[in-house]
Amino acid sequence: MPIRERFKLGPVEGVRVGRFNKGVNTTFVLYRWADTLIDAGPTNQWKPVRSFLDEKPLRQLLLTHHHEDHAGNAARISNRYNLTPIAPQQCENKLTNGYKTPLLQRIIWGRPQAVATTALPDQVPMPDGSTLVPLHTPGHARDLHVFHIPDQGWLFSGDLFIARAIRYLRSDEDLQLLVNSIRKALELDFDTLFCPHRGIVEKTGKDMLSQKLDNILKLCQQAQDLNAQGVETDQIVIKLLGPEDYMAKSTRFNFSKRNMITEALKVSVQAA
Ligand SMILES: [Zn+2]
């Protein structure tokens, strides 16, 4: 059942869309700050996305990364509102030329559409005079950026947060880079997170992100201790995260607990 939850915090409004209501990973929240939209939402949700965007004039679209739930509608938005999406330079090729996604992702989000973009500048002026500052936070994806609004103490977190505990990792995710990126984001001054999956985490956003880091590092330490005792990786997966479930099977192990543990074994647990 699709859910149409609305969000509002100060000048920021959000709407949750999704084909399936199976938890935060199958739904998506678009945030708009007056005439500025942050991430475009998945293509199979174009109808509710379009009616949300038609409510008032739209002038710019900022993308956090290329994943299809975030950038899927960028081409339609570009055409309908006559704008060029602003996106990390690291994903310009993918967005311009298009890219394939696995079947399960196509069922959940639809097919992303190719779109020409322009590169994220160092700072983006917001409608009320505040400044948005992009920060490169690779790990979940090579191109992922979060958007910091120092004046308000806000962080548009792309997919840096999602949840306090993660049990699965995509095969192309780099856990060490993710840890480094969370550390980097935690140095910023903010308290409220705008997460496109979880929703708005008001006031406790930084604390929640910090808990995510602690949880990852704890899991890495436990995995490395078991590894040092000679326990096989498959057994570490079962001991710490339980057996693989439908998630790994339905994604042909692209999104699995084993990816999480394999990466956890490589992470340097001590702060740099
Ligand atoms: Zn993503």
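Enquirer: Outline the packing of helix α8 (residues 233-241) against helix α10 (residues 257-264), supporting the account with residue identities and numerical values.
Expert: The geometry of α8 relative to α10 is characterised by a closest axis approach of 9 Å and an angle of 105° between their N-to-C directions. Here α8 lies roughly perpendicular to α10, going by the angle between them. Residues Thr233, Asp234, Ile236, Val237, Leu240 and Leu241 of α8 touch α10, and the partners they reach there are Lys257, Arg258, Met260, Ile261 and Thr262. Class assignment of the residues belonging to the contact of α8 with α10 gives a composition of 6 nonpolar, 2 polar and 3 charged.

Enquirer: Kindly report on the environment of Gln221, identifying the contributing residues and their values.
Expert: Its place among the elements puts Gln221 in helix α7 (residues 205-228). Residues Gln221 and Ser268 lie 47 residues apart in sequence; the distance between their C-alpha atoms is 9.0 Å.

Enquirer: How would you explain the coordination of the zinc ion if you had to name every residue and give the values?
Expert: Looking at the metal site, the zinc ion is ligated by His65 (NE2), His67 (ND1), His140 (NE2) and Asp159 (OD), spaced 2.1 to 2.2 Å from it. One can describe the site at the zinc ion as irregular: its 4 donor atoms subtend angles covering 90 to 170° at the metal. For the zinc ion, all donor residues lie on one chain, and their spacing in sequence is H-x1-H-x72-H-x18-D. Separated by 94 residues along the polypeptide, His65 in the loop between β5 (60-62) and α2 (68-71) and Asp159 in the loop between β11 (154-156) and β12 (169-170) bring together distant segments of the chain. Like His65, the residue Asp159 is buried in the burial classification.

Enquirer: Describe the side chain of Arg16, naming the residues involved and giving the relevant values.
Expert: Mapped onto the elements of the fold, Arg16 is located in strand β2 (residues 12-17). Taking the relative accessible area as the measure of exposure, Arg16 reaches 6% and is therefore buried. In this structure the side chain of Arg16 is engaged in a polar contact, spanning 2.8 Å, whose partner is the side chain of Thr27. A polar side-chain atom of Arg16 sits 2.7 Å from the main-chain carbonyl oxygen of His197.

Enquirer: Got a sec to walk through the nonpolar core? Specific residues and values, please.
Expert: In this structure, Leu160, Leu175, Ile182 and Leu209 are the most contacted members of the largest nonpolar core, which totals 36 residues. Counting only elements with at least two residues in this core, the list comes to α6 (175-186), β13 (192-195), α7, α8 and α10. Looking at this core element by element, the count peaks at 9 residues for α7. In terms of nonpolar packing, the next biggest core, distinct from the first, is built from 25 residues, Val15, Leu30, Cys91 and Leu95 among them.

Enquirer: How would you sum up unusual backbone geometry? Please name residues and give values.
Expert: For Lys203, which is not glycine, the phi torsion reads 70° and is therefore positive. Tracing the sequence through the fold places Lys203 in the loop between β14 (199-201) and α7. Positioned with a positive phi, Arg252 is a non-glycine residue whose angle comes to about 50°. Take Arg252: it is sitting in the loop between α9 (246-250) and β15 (255-256). Assessed through its relative accessible area of 77%, Arg252 is described here as exposed.

About the cut-offs
- Residues numbered from 1 in each chain as written.
- Predicted model: local features only at pLDDT ≥ 70, side-chain atom pairs only at ≥ 80, totals over all residues.
- Heavy atoms only, no water.
- Axes fitted to C-alpha atoms, helices over the stretch in contact; angles between N-to-C directions.
- Helix = DSSP H or I, 4+ residues; strand = E, 2+ residues; numbered from the N terminus.
- Parallel < 35°, antiparallel > 145°, perpendicular 65-115°, else oblique.
- Contact = heavy atoms within 4.5 Å.
- Nonpolar A, V, L, I, M, F, W, Y, C, P; charged D, E, K, R; others polar.
- Donors = N, O, S within 2.8 Å, 3.2 Å for Na, K, Ca; no water.
- Tetrahedral: all angles 85-135°; square planar, octahedral: opposite > 155°, others 65-115°.
- Buried < 20%, exposed > 50% of the residue type's maximum accessible area, 1.4 Å probe, protein only.
- Polar contact = N/O pair within 3.5 Å; in protein donor to acceptor, adjacent residues only side chain to side chain.
- Core = buried A, V, L, I, M, F, W, Y, C linked by side-chain atoms within 4.5 Å.

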